[in-house]
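Per-entry structural report
Next come the chains, spelled out residue by residue.
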Amino acid sequence: MLSAASQLSPAEQGSVPVLPSEEARRAYRAGEIAVTAGGAPGYVQGNLAILPEKLASAFHRFCPLNPKPCPIIGISEVGDPRIPALGIDLDIRTDIPLYRIWRNGEMVEEPVDIMKHWRDDLVAFVIGCSFSFEEALVADGLKIRHVEEQRNVPMYRTNVPCKSAGPFSGPMVVSMRPFKPAEAIRAVQITTRFPSVHGAPVHLAKPELIGIKDIAKPDYGDAVSIRPDEVPVFWACGVTPQSVILHSKPEFAITHAPGYMLVTDVRNSAFSIQ
């Protein structure tokens, strides 16, 4: 579905403001592949989970049972690739840089769009992403290591079980950002204001206590440097549904590739509570 601006002539388009989020989606729709951390500053990003309608109600129950890793910020109608509340021109089939196709719990393909995989019985869930609270961390003077090092955020499967719903169960995934102890305390205070995009951390320091054997070898994303005076800080992560898919093995599912998010037209400030 074309945006209103894209249906105008080039001269007319010059008078229509285009949001940075819409510009990002246009680039991904055109085939650009890029990790979205730091992209379209100020706008909410989301994780994606797409399931057949017969599994969607169970997944809809699973998410509120696990609000830290799976806060829902948008749901499509059955068979509809649009979620207008997140972006008028948004098309869930094309507007993420990289997708994953899953069959019986196995990732079988990583396409740049899912046009050929889309079906009339599919329901898309968009889940809050920790990239959205990073703006507030930076505004307070905190540095985000994976952004500094131009890498994907490191993510880890843990030994922390999610609460089950129907066929869905499995371990929580966490994302990690290193901070000095005083900075970590401030990061807790700041991210507590963003419960719709994972909120406060679920764990600080001692990664082995949540089942992470080697902090230098994330299960998803890229390793980042951790300095001697820093501690790793772990937030619940919206990649958790991919861990659940691995564990629960639904016959068919589609997700984003970790770190390649859906950029929406919703402002990060909309999810902040005072």
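Below is a summary of the structure that appears in this document. (Residues numbered from 1 in each chain as written. Predicted model: local features only at pLDDT ≥ 70, side-chain atom pairs only at ≥ 80, totals over all residues. Heavy atoms only, no water.)

Once that is clear, we can look at the side chain of H146. Examined against the element boundaries, H146 turns out to sit in helix α5 (residues 145-148). Among the polar contacts made by the side chain of H146, one reaches the side chain of E134 at a distance of 3.0 Å. Ignoring anything within four residues of it in the chain, the contact list for H146 reads A37, F131, E134, R151, N152, V153, P154, R177 and V224. (Helix = DSSP H or I, 4+ residues; strand = E, 2+ residues; numbered from the N terminus. Polar contact = N/O pair within 3.5 Å; in protein donor to acceptor, adjacent residues only side chain to side chain. Contact = heavy atoms within 4.5 Å.)

A few words on the environment of V138. Tracing the sequence through the fold places V138 in helix α4 (residues 131-139). The partly exposed category is assigned to V138, whose relative accessible area is 48%. Sequence separation between V138 and A187 is 49 residues; the distance between their C-alpha atoms is 9.9 Å. (Buried < 20%, exposed > 50% of the residue type's maximum accessible area, 1.4 Å probe, protein only.)

Counted as a void, the largest pocket has a volume near 250 Å³. Lining the largest pocket are 18 residues, and of these G38, F131, E134, E135 and V138 sit closest to its centre. Those elements giving two or more residues to the lining of the largest pocket turn out to be β1 (43-52) and α4. Residue contributions to the lining of the largest pocket peak at five residues, all from α4. (1 Å grid on protein atoms, 1.4 Å probe; cavity = no way out; pocket = protein on both sides within 12 Å on 5 of 7 lines; lining within 4 Å. Points joined across faces, edges and corners; volume = space filled by probe spheres on them.)

The next subject is empty space enclosed by the protein. Evaluation of the coordinates by the stated rule reveals one cavity of 30 Å³ or more. Looking at the largest cavity, its volume works out to about 70 Å³. Lining the largest cavity are 13 residues, and of these N47, C129, S130, M155 and C237 lie nearest its centre. Taken together, the residues of the lining of the largest cavity break down into seven nonpolar, six polar and no charged. (Nonpolar A, V, L, I, M, F, W, Y, C, P; charged D, E, K, R; others polar.)

Among the residues making up helix α2 (residues 20-29), those that are buried are S21, E22, A24, R25 and Y28. Considered in projection along α2, the buried side chains sweep an arc of 155° and stay on one side of the axis. Just downstream of α2, G31 is the residue with a positive phi angle, here 110°. (Arc of directions from axis to C-beta.)

Here the distance between the centres and the angle between the planes together describe a pair of aromatic rings. Counting across every chain of the model gives seven aromatic pairs. Between Y156 and F234, the aromatic rings sit 6.2 Å apart at their centres with planes inclined by 80°, giving edge-to-face as the arrangement. Of this pair, Y156 sits in strand β6 (residues 155-161) while F234 sits in strand β9 (residues 231-236), and the two are 78 residues apart along the sequence. Accessibility expressed as a relative area gives 0% for F234, which makes it buried. The structure contains a cluster of three or more aromatic residues connected by ring pairs, namely F59, F62, F125 and F168. (Phe/Tyr/Trp six-rings, centres within 6.5 Å; stacked < 30°, edge-to-face > 60°.)

Before going further, it helps to spend a moment on the sheet that holds strand β7 (residues 171-179). Two strands in a sheet stick together by hydrogen bonds in their backbones, pointing the same way (parallel) or opposite ways (antiparallel). Spatially, the four strands line up as an open sheet ordered β6-β7-β9-β8, and their pairing is antiparallel. Because the sheet does not close on itself, it has two edges, and the strands there are β6 and β8 (203-204). Taken together, the two bridges between β8 and β9 define a ladder with antiparallel strand orientation. Within the sheet, the bridge partner assigned to H203 lies in β9 and is F234. (Pairing = 2+ DSSP bridges.)

Another aspect to go through is the nonpolar core. Within the largest apolar cluster, 34 residues are counted, with the highest numbers of intra-cluster contacts made by I50, I92, L137, F179 and I254. Mapped onto this core, the elements with two or more residues apiece are β1, β3 (99-103), β5 (122-128), α4, α6 (181-191), β9 and β11 (262-267). Core analysis: the next-biggest nonpolar cluster, separate from the first, contains 28 residues, C70, Y156, C162 and A236 among them. (Core = buried A, V, L, I, M, F, W, Y, C linked by side-chain atoms within 4.5 Å.)

The next point concerns the packing of α4 against α6. Viewed as axis vectors pointing N to C, α4 and α6 meet at an angle of 125°, and their least axial separation amounts to 10 Å. It follows that α4 is oblique to α6 by the angle criterion. Between α4 and α6 lies a crossing whose hand is right-handed. In contact with F133, A136 and L137 of α4, α6 contributes A187, I190 and T191. (Axes fitted to C-alpha atoms, helices over the stretch in contact; angles between N-to-C directions. Parallel < 35°, antiparallel > 145°, perpendicular 65-115°, else oblique. Left-handed = near helix turned anticlockwise from the far one by under 90°.)

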